[in-house]
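So the chains spell out like this:
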4 protein chains.
Amino acid sequence: MSKIKVAIIGCGSNANAAHIKAYLNNPNAEIKYFCDIIKEKADKAVLDSGCGEAIEDYRIALNDPEIEAVSICTPNHVHAAISIESLRAGKNVLCEKPAARTYAEALEMQKVQHKTGLVLNIGVCNRFNTGVNLIKKMITNGELGELYHVYVSFRSQRSIPGLGGTFTTKSIAGGGVLIDWGVHFLDIVMYCSGDPLPKTVTGQVYSKLGLDMPNYSYLNMWAGPPNYSGTYDVDDFVTAMIRTEGPTITLNGAWAQNIGVDEMYIDFLGDKAGIRLQYGKDFKVYGAKDGVLLETTPSYKSVDKFQNEINGFIDCIRTGEKLPSHIDSVILSSRIIQGIYDSSDLNKEIAF
Amino acid sequence: MSKIKVAIIGCGSNANAAHIKAYLNNPNAEIKYFCDIIKEKADKAVLDSGCGEAIEDYRIALNDPEIEAVSICTPNHVHAAISIESLRAGKNVLCEKPAARTYAEALEMQKVQHKTGLVLNIGVCNRFNTGVNLIKKMITNGELGELYHVYVSFRSQRSIPGLGGTFTTKSIAGGGVLIDWGVHFLDIVMYCSGDPLPKTVTGQVYSKLGLDMPNYSYLNMWAGPPNYSGTYDVDDFVTAMIRTEGPTITLNGAWAQNIGVDEMYIDFLGDKAGIRLQYGKDFKVYGAKDGVLLETTPSYKSVDKFQNEINGFIDCIRTGEKLPSHIDSVILSSRIIQGIYDSSDLNKEIAF
Amino acid sequence: MSKIKVAIIGCGSNANAAHIKAYLNNPNAEIKYFCDIIKEKADKAVLDSGCGEAIEDYRIALNDPEIEAVSICTPNHVHAAISIESLRAGKNVLCEKPAARTYAEALEMQKVQHKTGLVLNIGVCNRFNTGVNLIKKMITNGELGELYHVYVSFRSQRSIPGLGGTFTTKSIAGGGVLIDWGVHFLDIVMYCSGDPLPKTVTGQVYSKLGLDMPNYSYLNMWAGPPNYSGTYDVDDFVTAMIRTEGPTITLNGAWAQNIGVDEMYIDFLGDKAGIRLQYGKDFKVYGAKDGVLLETTPSYKSVDKFQNEINGFIDCIRTGEKLPSHIDSVILSSRIIQGIYDSSDLNKEIAF
Amino acid sequence: MSKIKVAIIGCGSNANAAHIKAYLNNPNAEIKYFCDIIKEKADKAVLDSGCGEAIEDYRIALNDPEIEAVSICTPNHVHAAISIESLRAGKNVLCEKPAARTYAEALEMQKVQHKTGLVLNIGVCNRFNTGVNLIKKMITNGELGELYHVYVSFRSQRSIPGLGGTFTTKSIAGGGVLIDWGVHFLDIVMYCSGDPLPKTVTGQVYSKLGLDMPNYSYLNMWAGPPNYSGTYDVDDFVTAMIRTEGPTITLNGAWAQNIGVDEMYIDFLGDKAGIRLQYGKDFKVYGAKDGVLLETTPSYKSVDKFQNEINGFIDCIRTGEKLPSHIDSVILSSRIIQGIYDSSDLNKEIAF
C-alpha cells in the first residue's frame, strides 16, 4: 500500500512526545507537514525528524490533496474547529484528548464525522495500553464477577501545570484537573467497563489552591514556569458520583490539595475479584478462594501505547475498522465531564 | 451531690467494653440495675462489677423512681422504642449509636426529648475523642482556611461482623456497613465541620460479598462466628456524595471488598491546610508556606473517650448543659444516612 | 470418651511453649505427670498448669497403668531410649524432633513401634501448619506441574544457640544446625513432595564459627547464655545435595556465617509454577500464563500448629489413624541427615 | 615495538561489545581482518572500525604471515577446531569462553598449546575485573581466614537467550545455562580460590521451562527474538556440589525458573570473614570483632575488564607471561562443568 501522507497540526509537547515518533516508526505513514503558529516549533520538528515541511497555517495542509490524515495536537480550544474543518476538507483525523472543551463541541464533531464517514479518533491513548487491555479482558471474561463500583483517585499534592498559562485558562483548556487528568482516568474506566451509558451525574468542582497564584507553593511545575500575570479560572479539585448502566463510579481528583500523598489509581470492585490499577504502572488483582485470600501481581511485556494508537489510526484509514478511540465511544466521557461541570454549577444531580 | 443511679439496658459487648467501666469510674454515678433479656449476661455483669442487680425486664428499672438515668446498649432495632419509653418514664437517656434504624424513628425520639426536656444523648463517642477535638478546634480556628471538601474512606477487605447474626439482619440493625461504621465516620465529619445542614444526598449501597454466606472467605470475624442459617440482607459496600451548607462530602465504605488494603481515614481539605485522620489513630496536618510544604504529626495525651462520654452524660443531667452528642446534633447524620439508603432505592439524588 | 491421661517427660522450653498448653486446651486429654530431672522445672509446670503431679523419674509414669500417652521433650540423646522404654511399657508416644541423634537409633525406635503397634509420632510440627498444607495440596494437585528441584536455605548470620550447652554438644544433640534446624526444613520438603525415597546424598558439614568460643561475636543468643567451659563440637554450617525419587534437593544451612543476611526459605521449583515459602511466615506463588508472569500471595487463617499436632496425637490414639508425623514418614529425613553426616566424614556421595 | 596484527574471527555480539573496541584502543595492536561467514557482519565491522578487511574464510587470515594473533568470537561449537588450527598455523589465540563444548575438546586445545608454545588464553574476562581481583587479594592475604565454602547463585526468572537459536542448541553451544552463565561464575570462584583441583562433582541439569517453546512466557529476550521452529535441547536449570582441594562449592543456576526474584551472587564463606559479590556489581564484606558485627561495602574505580583482557593478551605475546586466563587454569572449570553434565547423565557423583 502507498504511504499515507500526514500533517501534524500543533508541534508542542504532545506531538513531540508521542505522535511524531510513532508516525516516523510506522512503515505506512509519512509526515508531509509540520504545522505550528509558532514557526520555530514547526522548523525544529522538521529538523529533528529529517522530513516534511514546516508551515504556519494548517489550511495549507487541508488544501493539499495528497494529505489523507491529520494529527491535531493543539490546545483544547481549537480541537473542535480544526477537527471539523479537517473532516470537511476530506481528511481523516486523530485529535488529541479531550475531544473538546464542552460536550456541545464534541457532539458537533461527532455529527460531522457521521456525515463525512471519515475517521475521527480521539487520543485516548490508554485504550492502547497493554495493562489496561489485560484488565478489560479480565472484566469482559467475568473474572471479576459483577463489576458493581469503580473508585477513581487522581489526587496530587502539588501538580498544577503551567500556572497562568493555557492549562489554567478556561477559555482555552475548557477546564482544569477534571478535563486534563480526569478524562484519562474516566476513559480507562469507561473502556474497561464496556462503555456503559451514564444515567446520573452529580459533582462539584473547586478552584482553590491556585487561585492566589503568587502564594501557590510547589516543588516542581510541569508545563511551567508560572506566569503570574496570566489567568487561573479552572478547577483544581473535583469530586463526583456517576450512575451508569454498569457500575457506579465515584471520583476525587486534585491537581493540588493539602493532603501530602499522591494517590493515582483506579479500583475496580467486582463481587468475585477486584483490581487496583496504579495509573501508568502495574496492577494487582485481589480474589478469594476456599477461605484463602489471593493477591496477584501480573508482569507483562508492554507495547508502546502511542505507537499502537498511531498504527491503529493509520491502519483503520485503509480498513475502515472502528477503533475503541472512535468519537462514538469517547463522546460518553465528554458527556460525563460536561455533566459534572453542569451539576457543579447547579448544585444538584443531573439525570440523562 | 448524691450519686445518680443508673440502669444498664443491654449487657453485650458495647456495655462491657465502654459504658459499665466508665460508670464504675465515675464518682457521681452508681449502677443499680444490669438488664438483659439473656439473664446470664446480666448476672455476669453484676458479678464482674461487684454491684447492682440483674434483671431481665427493663421496665423494672423504668418503674423504679430511684433511677435517674439509663444507658441503652441493645441491638439497634429497639433503640428508639426503649429510649422513648425511658424518657416518658422520666429517665435521662444515653442511647448507643446509631440513634435508630431509620430517620423516622430518630425524629420520633427527638420529638419526645423536646416534649420531656430530659437528656437524650447518643453514643457518638468520637465527639469525646481527644484527637477529633483537636481537629475540630483547628477547623473552627480557621487553621485549614475554608474547608471545601471531606473525603471519607472506611474500607476493609474482609471485615463483615457476625455473618448471619444481628449485624447482618436489616430488621434488627437497620443496615450494614453504612449504619454501623459509616455513622462513626460521618459523625466525626459533621462534628468537626460544625454540624452543617445537608442539602443534597446521593448514594448507592450494595450487598455483594456476604450474600453467598458459605462461600464468604475471611481471616478473622469480629462478632463471629458465622451463622450460616441466619440472614444477610444488609449493605457491605456504600458510596455517596453529600452537599451541605459547609463542605461537600464523598464517601466509600466497605465491610468487605476485593481490594486488599484497609483504608480507614478522613481527609479534611481546606484551602490553607488539610488533615488526614487515620480512624482511631493519629492525624497529620499538611500545609504550605513560602514555597515550603509542611507535614506535621501532632502527638498528644488521649483521654478515654468513653469515660469522657459517660462523665459528660452524668454531669449534664445536673447542669442541663447540652452536649455535642445531643439528639439535636446527631439527628443530622441520621438524616444523611437515611438519605443515602433512600437515594439508593430511588437511584437518584435527594434534595432536602 | 474418657480423657486420655498424659505424662510430659522433660519440662523445658519445648514442653512449655507447645505441648503443655495444647494438652490443656484439648478436651479429651489430661496431664497427670510433669517429669523433669531438674525437679524445679516440673514443680513450676504443675503450678502454671494448675493440674498434675511433679516427678523426677519418668519410670513412675511408665509404671502407672492410667497413663496412656507420653510427650517426650527431653534433649535429643535420650529420645530413642525413653521412646522405646515407653512403647514397651504400653504407652503411646509423641517424641520431639529430631527422632534421634542417629539413623540407627531412629530405626530401632521404628522397629519397636512396629512390634508394639502403639503410636509413635515425631514432633514435626510443620506438618500441621496451615501454609505448609496449602503448599502440599497445590503440589499434589499438580498446580506446580512437575516438581523438579527444591532449594533449601536456612542461613543465619549469628544464631548459635546456648554456646557450650546441650545444643552444641554432639553426644547430647547428635549434631548442630543440620539436626536442629535442617530437620524442620527437610521435613517440610519431604512432606510437601510426598515423602519421596532418597537415592543419593552428598554433603559436607563444618564446625567453624563457634569453635573459638570466647571470640564468637553475636548480638543475641537463644537458649543462652554461653557456657565457655562447655563443649562445641557440632556443625554450624552444612551444604548438601540429595537425589530422590521425586525432586533433587540442595541445601545450605548456617547457625552462624560471615554473610550478613538471614535467608530462611524453601524454593519449590515446578515446570508450571514455583513457590517460595518464607519459613514460619507466608509464601508466594510464581506462575505464568499467556505471556504474563503472575506473582500471587495467599492470605489464610492459620490454625495453631502445635494444637493441631497434639489434637491429632490424642485423636489417633483412639482412632488408630496414621498421621503424617508417624515414625514411618519421619524416618526418611533421619536417613538423609545421617547420610549427610556420613558423606561429610567420607568426603563422597552415598547411594542408598 | 611494531604493532601486532590481529584477525577477529566471528563478528557477532561478543566481538562488537568487547574485543574490537579494545583492540582499537590498544596502541600495540592493529586489526587486519574481520572474518564472519555472514559477510555483512564483517563488512559492518570494517565500516564501524574504519580499518581492516572483511573476509568470509578465516583461513585467509591463518595463511597471512603478518597475522600474529587471532580473537575467536564464534559460536561455541567451532572454538576448539579454529583455536587448534590457528595455533598450528603459528598464531597466538584468544578464544572466547567457554573454551569448548566439552572437556575432551578443551584438553585437545591444551595439548596443542603445550606442543606449539604459543599463547592460548580463554576469554574469562572476570579475571580482569577490578572487584574480582580485590576479592582474590583479600582471600589470598587471609583476610577471610579459611575459605571453607562458596555458594553460587545465578538464577533468573525469565532470561533464556535467543530461544530456538544457537544458544539453545546443544550441538552448537555445548549446553545451556551451566556452560553459558555458569562458566563465568565458576571461573570467578576458581580464580579467587586459587584454582583448587576438583575432587568430586555431583549435579543435575534440567531442561524444563523452554521445552514447550511457543508457551514460554517472558518479558524480554536477549539474543532474541525466538525462533519457534528452532531447537531447544539445553539445560535451563542446574544444581551441583563440588568438593575441591580448597572450599566446597554448591551452585544453583537458572536461565528461567518459576521463582520471581533474580539472584545473581557468589558467597565466599571464610571463618574470619565472608563476602557476597553481586555479579557484575559491587561486593560486601562481613566480619566480626569483639562482639561487633561489621558490614563493609568497598567502592573503587573499575577498569574496563575487556580492555585489561586484550591488553594482557597483546602484552603476553611479546613478554611470554602466563596470564590467569591461560588454558592451563581455565581447563579446571571445563573439567568441573563436564563433570556436572556427566554426573547428571549418570545420576551419581563423579570422583576425579
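This is a predicted model, so every value here is computed, not measured.

### Topic: the overall build of chain A
Then, in step 1: Per the secondary structure count, chain A includes 10 helices and 15 strands.
Then, in step 2: For chain A, the C-alpha radius of gyration of 20 Å lies close to 20 Å, the compact-globule estimate for 352 residues.
Then, in step 3: Counting only C-alpha atoms and orienting by the principal axes, one finds that chain A spans roughly 65 × 50 × 35 Å.
Then, in step 4: Residue burial in chain A is summarised as follows: out of 352 residues, 60% are buried.
Then, in step 5: Here the analysis covers contacts within chain A between residues at least 6 apart in sequence; of these, 73% occur between residues at least 24 apart.
Then, in step 6: If the 34 positive side-chain charges of chain A are averaged to one point and the 40 negative ones to another, these points end up 2 Å apart.

### So, the packing of helix α8 (residues 177–192) of chain C against helix α10 (residues 327–346) of chain C
Residue and element names in this part refer to chain C.
Then, in step 1: Contact geometry of α8 with α10 gives a least axis separation of 10 Å together with a crossing angle of 130°. Overall, the two elements α8 and α10 adopt an arrangement that is oblique. The element α8 and its partner α10 pack so that their crossing is right-handed. Between α8, through Leu 178, Ile 179, Val 183, Leu 186, Asp 187 and Met 190, and α10, the contact on the second element is made entirely by Leu 332, Ser 333, Ile 336, Ile 337, Ile 340 and Tyr 341.

### So, the relation of the copies chain C and chain D
Then, in step 1: Each copy of the sequence occupies a distinct position, and chain C is placed on chain D by a rotation of 180° and an axial shift of 0.0 Å, giving an RMSD of 0.1 Å. Put plainly, the chains are arranged around a two-fold axis.
Then, in step 2: When you check the interface residues of chain C against chain D, 100% turn up at the interface there too, and the contact is symmetric in its surfaces.

### Considerations on the interface of chain C and chain D
Then, in step 1: With 54 residues of chain C in contact, the opposing surface of chain D contributes 55 residues.
Then, in step 2: Taken over both partners, the interface formed by chain C and chain D buries close to 4,100 Å², and the fraction arising from carbon and sulfur atoms is 55%.
Then, in step 3: For the chain C face of the interface with chain D, the top three residues by lost area are Tyr148(C), Asn258(C) and Leu293(C), together amounting to 16%.
Then, in step 4: In this structure, the connection of chain C to chain D is made through six salt bridges.
Then, in step 5: Close ionic contact of Asp267(D) with Arg155(C) constitutes a salt bridge, the shortest N to O distance being 2.7 Å.
Then, in step 6: Here chain C and chain D share 35 residue pairs in polar contact (both at pLDDT 80 or more) between them.
Then, in step 7: Mapped onto the side of chain C that touches chain D, the elements with two or more residues apiece are β7 (147–155), β8 (198–206), β9 (237–244), β10 (248–254), β11 (263–270), β12 (273–278), β13 (283–289) and β14 (292–299) of chain C.
Then, in step 8: When residues of the side of chain C that touches chain D are assigned to their parent elements, the largest contribution, six residues, is made by β11(C).
Then, in step 9: Taken together, the residues that form the side of chain C that touches chain D break down as 20 nonpolar, 20 polar and 14 charged.

### Points about the domain arrangement of chain A
Interfaces are often sized by the accessible area lost when the parts come together.
All names here are of chain A.
Then, in step 1: Each assigned domain of chain A is listed here: domain 1 (4–126 + 306–324) and domain 2 (129–303 + 334–351).
Then, in step 2: Each partner contributes to the interface: domain 1 provides 15 residues, whereas domain 2 provides 19 residues.
Then, in step 3: Of the roughly 1,600 Å² buried at the junction of domain 1 and domain 2 (both faces included), carbon and sulfur atoms supply 54%.
Then, in step 4: Area buried by domain 1 at its contact with domain 2 is led by Lys 97, Tyr 103 and Asn 126, which between them contribute 44% of it.

### Quick notes on the pattern of salt bridges
All names here are of chain A.
Then, in step 1: Enumeration over the complete set of coordinates arrives at 80 salt bridges over all chains.
Then, in step 2: The closest approach of N and O atoms between Arg 276 and Asp 267, which form a salt bridge, is 2.7 Å.
Then, in step 3: By relative accessible area, which is 0% here, Asp 267 ends up buried.
Then, in step 4: Of the charged contacts in the structure, one is a salt bridge between Lys 322 and Asp 328, with a shortest N-O distance of 2.7 Å.
Then, in step 5: Residue class for Asp 328 comes out partly exposed when judged on its relative accessible area of 23%.

### Considering the UniProt feature "domain: GFO/IDH/MocA-like oxidoreductase" (unreviewed entry) in chain A
Then, in step 1: Mapped onto this numbering, the UniProt entry annotates "domain: GFO/IDH/MocA-like oxidoreductase" (unreviewed entry) at residues 134–275 of chain A.
Then, in step 2: Here residues 134–275 of chain A is 19% helix and 31% strand, with 11 Å between the C-alpha atoms at its ends.

### Notes on the interface of chain A and chain B
Then, in step 1: Tallying the contact residues gives 54 residues for chain A and 55 residues for chain B.
Then, in step 2: Summed over both partners, the interface of chain A with chain B buries about 4,000 Å², with 55% contributed by carbon and sulfur atoms.
Then, in step 3: Contact with chain B buries surface across chain A, with Tyr148(A), Asn258(A) and Leu293(A) losing the most and accounting together for 16% of the total.
Then, in step 4: Taken together, the connections running from chain A to chain B amount to six salt bridges.
Then, in step 5: Between Glu263(A) and Arg276(B) there is a salt bridge; the shortest N-O distance is 2.9 Å.
Then, in step 6: Here chain A is connected to chain B by 35 residue pairs in polar contact (both at pLDDT 80 or more).
Then, in step 7: When residues of the side of chain A that touches chain B are traced back to their parent elements, those giving at least two are β7 (147–155), β8 (198–206), β9 (237–244), β10 (248–254), β11 (263–270), β12 (273–278), β13 (283–289) and β14 (292–299) of chain A.

What counts and how
- Residues numbered from 1 in each chain as written.
- Chains lettered and ligands numbered in written order.
- Predicted model: local features only at pLDDT ≥ 70, side-chain atom pairs only at ≥ 80, totals over all residues.
- Heavy atoms only, no water.
- Helix = DSSP H or I, 4+ residues; strand = E, 2+ residues; numbered from the N terminus.
- Rg over C-alpha atoms; globule rule 2.2 N^0.38 Å.
- Buried < 20%, exposed > 50% of the residue type's maximum accessible area, 1.4 Å probe, protein only.
- Contact = heavy atoms within 4.5 Å.
- Lys, Arg positive; Asp, Glu negative; His and termini not counted.
- Charge placed at Lys NZ, Arg CZ, Asp CG, Glu CD.
- Axes fitted to C-alpha atoms, helices over the stretch in contact; angles between N-to-C directions.
- Parallel < 35°, antiparallel > 145°, perpendicular 65-115°, else oblique.
- Left-handed = near helix turned anticlockwise from the far one by under 90°.
- Least-squares fit on C-alpha atoms with pLDDT ≥ 70 in both.
- Buried area = accessible area lost by both parts, 1.4 Å probe.
- Salt bridge = Lys/Arg side-chain N within 4 Å of Asp/Glu carboxyl O.
- Polar contact = N/O pair within 3.5 Å; in protein donor to acceptor, adjacent residues only side chain to side chain.
- Nonpolar A, V, L, I, M, F, W, Y, C, P; charged D, E, K, R; others polar.
- Domains from an automatic or database assignment.
- UniProt positions renumbered as here; feature names shortened; annotations may be inferred.

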